[in-house]
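The chain contents come next:
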Amino acid sequence: MNPNLRSRFLGLLLAFFFCFLGTSAVEGHSPMLPDELRMFQGQGAQIDLAIPVLAEVSVDRPDVVMLNDQPNSSMRVSLGSPLKLSSLNSGEAKLRMKLFGQIPLKPVKVNVIPDLKVIPGGQTIGVKVKSDGILVVGHHLVNTDKAKISPGEASGIQPGDLITHLNGTRLKDVHEVASLVEQAGNNKKPLKVVYKRNNKEFTTTLTPAFDKQDKAWRLGLYIRDSAAGVGTLTFYAPNEGVYGALGHVITDMNTQTPIVVGSGQILQSSVTSISKSESGEPGEKRAHFVKEGKTLGTIERNTHFGIFGKMSENPDHSVYKKPIPVAFSEDVKEGPAEILTVVEGQQVERFKVEIAHVSRQSTPQTKGLVIRITDPKLVEKTGGIVQGMSGSPIIQNGKLIGAVTHVFVNDPRSGYGCFIEWMLQDAGILKDKTTSTNLKAS
């Protein structure tokens, strides 16, 4: 071919190519390659290419990464043929692509992460948690000889504050407070109070007041050191001996303050009945702790993505007896899925749902998924999502992808879920992409 014609032909082809890129972007099919592609060792991943021409692809570790099941270091791919990768070894690699064998696109970092599999839960669990200090849940007035006062409010202590020390004594139980207050009152000396607010430590002094009706020294504070409830186990990681549950933080019911864990347990629980969800009124699971049932695990952390701690064995009634793969957030797709939960007794069952929306999150955020209950049996039994169902694992294409977290009040068949990736990070068994706030025992 005449050199001038060849140049003109190549120019027209390039013009067509870049026009195609613009059209693809407008239609929502971005041709941009990701900066990083993540996959688990022994599992696969793929890039959907929006390229109208053949492209030559190479990887700098042919002994580790295989392209479309071919152990070659270079191959050709085109539109409609996703680029599939797999690896038998962990580590990093560089994926490079050239158009027409000459025009390089940006390299893609391939991060192969050590294999990770967990056993999905679904069991209803009882939760008992003790705060790492004494939680202030309100003020009250002490009726003294002169006036009604609240010494605690006057000292600057607010609902939601966590009192950790009184006169240098580390508080572990609410019952320790009364004797310290009485001692300070009788000695006519103020208490030195150390408390935390928004993870920052403060010090103040508080002079107890004598209540003439109760005949006792009072702080003028309502306080609490424990909470209890029910939820759902999300996963158990047998190799690491840890679990994750709930999918959202435990907060104090009065102040809505996240509880900083001092200690806690999760226990066997059985569903006795269900109050169905209706528009404007979320329902709930009614459950009781199994009498003489064994403790399933400890609670060590309470984070925005649930509770986490140690567990020595997989609890009874699991649908899955062996671990299954997990999915990264970018691998989750809109479409059919299923959840595992209990609606009667202790038996975990599968129920069909639809992933209606997937948020693309590069940092941990709680509302990653919108799910809709499509299973007629579950709708009939519960009306949709009910309180106590939070933490129910979500399975898609044989992988654990997330957990149910919240119900839409005005549409109880729908609700939010979080990605399992963020829960695995807070459980300490998956390396963080970024730092998530943990509310943990000191």
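Our subject in this report is the structure included herewith. (Residues numbered from 1 in each chain as written. Predicted model: local features only at pLDDT ≥ 70, side-chain atom pairs only at ≥ 80, totals over all residues. Heavy atoms only, no water.)

**Describing the overall build of the protein**
So the rule is basically this: In this text, helices come from DSSP runs of H or I with a minimum length of four residues, and strands from runs of E with a minimum of two, each type numbered from the N-terminal end. It only takes one pair of heavy atoms within 4.5 Å for two residues to be counted as in contact. Each accessible area is a Shrake-Rupley result for a 1.4 Å probe, and residues are judged covered by the shown protein chains and nothing else.
Regarding its fold elements, the protein presents five helices and 34 strands. Here the contacts in the protein between residues at least 6 apart in sequence split such that 68% fall between residues at least 24 apart. Entry remark: accessible area of the protein is about 21,600 Å², with carbon and sulfur atoms responsible for 50%.

**Notes on the side chain of S131**
Definition in use: As used in this structure description, the phrase polar contact means that two N or O atoms lie within 3.5 Å; if the pair is within protein, one of them must be able to donate a hydrogen and the other to accept it, and residues adjacent in sequence are counted only when both atoms belong to side chains.
You can see S131 is positioned in strand 11 (residues 124–139). Here the side chain of S131 touches G133 through a polar contact of 2.6 Å, landing on its backbone oxygen. In contact with S131, not counting residues within four places along its chain, are L162, R224, D225, I259, V260, V261 and G262.

**Observations concerning helix 3 (residues 175–186)**
What counts is decided by this rule: We call a residue buried when its accessible area falls under 20% of the maximum for its residue type, exposed when it is over 50%, and partly exposed in between, using a 1.4 Å probe and counting protein chains only. Along the arc lie the directions from the helix axis toward the C-beta atoms.
Listing the buried residues of helix 3 in full gives V177, L180, V181, A184 and G185. Projected onto a plane normal to the axis of helix 3, the buried residues spread over an arc of 135° and lie on a single side. Turned more than 90 degrees away from the buried face of helix 3 sit H175 and A178, all of them exposed. Where the residues of helix 3 are buried, they touch strand 11, strand 14 (162–166), strand 15 (169–170), strand 16 (191–197), strand 19 (216–218) and strand 20 (221–237). Immediately beyond the C-terminal end of helix 3, within one or two residues, lies K188, with a positive phi of roughly 55°.

**Here we look at the environment of Q213**
Its location among the elements puts Q213 in the loop between strand 18 (209–211) and strand 19. A relative accessible area of 62% means that Q213 is categorised as exposed. Distance from Q213 to V142, taken between C-alpha atoms, is 9.1 Å for residues 71 residues apart in sequence.

**Some thoughts on unusual backbone geometry**
A positive phi angle, close to 75°, is found at L246, a residue other than glycine. Within the secondary structure, L246 is located in strand 21 (residues 242–246). Of note, the phi angle at Q256 is positive, near 60°, even though the residue is not glycine. As for its placement among the helices and strands, Q256 is situated in the loop between strand 21 and strand 22 (261–275).

**Remarks on the pairing of strand 14**
Put simply, the rule reads: Two strands qualify as a pair provided DSSP detects at least 2 bridges between them.
Among the five residues of strand 14, four are classified as buried, and the element is accordingly described as predominantly covered. Pairing of strand 11 with strand 14, which is carried by two bridges, proceeds in the antiparallel orientation. When the sheet's bridge partners are listed, L135 is paired in strand 14 with L162. Relative to strand 16, strand 14 runs antiparallel, the two being bridged by four bridges. Note that in strand 16 the partner of H165 across the bridge is V194. Bridge analysis of strand 14 against strand 15 gives two bridges, and the strand direction is antiparallel. Across the sheet, the residue bridging to H165 is R170, located in strand 15. Taking the residues that link successive antiparallel strands as the turn, the strand 14-strand 15 hairpin has two residues, and the phi of N167 there is positive, at about 50°.

**Some points on the sheet that holds strand 32 (residues 399–408)**
Note the threshold: All axes here are fitted lines through C-alpha atoms, helices being fitted over the stretch that makes contact, and every angle between N-to-C directions spans 0 to 180 degrees.
Strand order around the closed barrel formed by six strands is 28-29-30-33-32-31, with antiparallel pairing between neighbours. Adjacent strand axes in the sheet meet at a mean angle of 45° when their direction is disregarded. As defined by bridge partners, strand 28 (residues 335–342) adjoins strand 29 (residues 348–358) across eight bridges and the pair is classed as antiparallel. Within the sheet, the bridge partner assigned to I339 lies in strand 29 and is F351.

**Notes on the environment of F235**
Here F235 shows up in strand 20. A C-alpha to C-alpha distance of 9.2 Å links F235 and L424, two positions 189 residues apart in sequence.

**Observations regarding the pattern of salt bridges**
Rule in force here: The rule for a salt bridge is simple: a side-chain nitrogen of Lys or Arg has to be within 4 Å of a carboxyl oxygen of Asp or Glu.
Tallied over the entire structure, the rule returns 14 salt bridges. The shortest N-O distance in the salt bridge between R197 and D161 comes to 2.8 Å. Of this pair, R197 sits in strand 16 while D161 sits in the loop between helix 2 (151–154) and strand 14; the two residues are 36 residues apart in sequence, bridging distant segments of the chain. Residue classification places D161 among the buried residues on the basis of a relative accessible area of 2%. A salt bridge links R350 to E338; the shortest N-O distance between them is 2.6 Å. Of the two residues, R350 sits in strand 29 while E338 sits in strand 28, which places them twelve residues apart along the sequence. Residue classification places E338 among the buried residues on the basis of a relative accessible area of 17%. Three or more residues are tied together by salt bridges with common partners; here these are R38, E330 and E421.

**Re helix 5 (residues 420–427)**
The buried fraction of helix 5 amounts to eight of the eight residues, a majority that puts the element mostly inside the structure. Considered for burial, the residues of helix 5 that qualify are I420, E421, W422, M423, L424, Q425, D426 and A427. Among the residues trailing helix 5, G428 stands out with phi positive, at a value near 85°.

**Side note on the pairing of strand 1 (residues 36–40)**
Of all five residues that make up strand 1, four are buried, and the element is covered over most of its length. Bridging between strand 1 and strand 9 (residues 108–113) involves five bridges; their strand directions are parallel. By the bridge assignment, E36 is partnered in strand 9 with K109.

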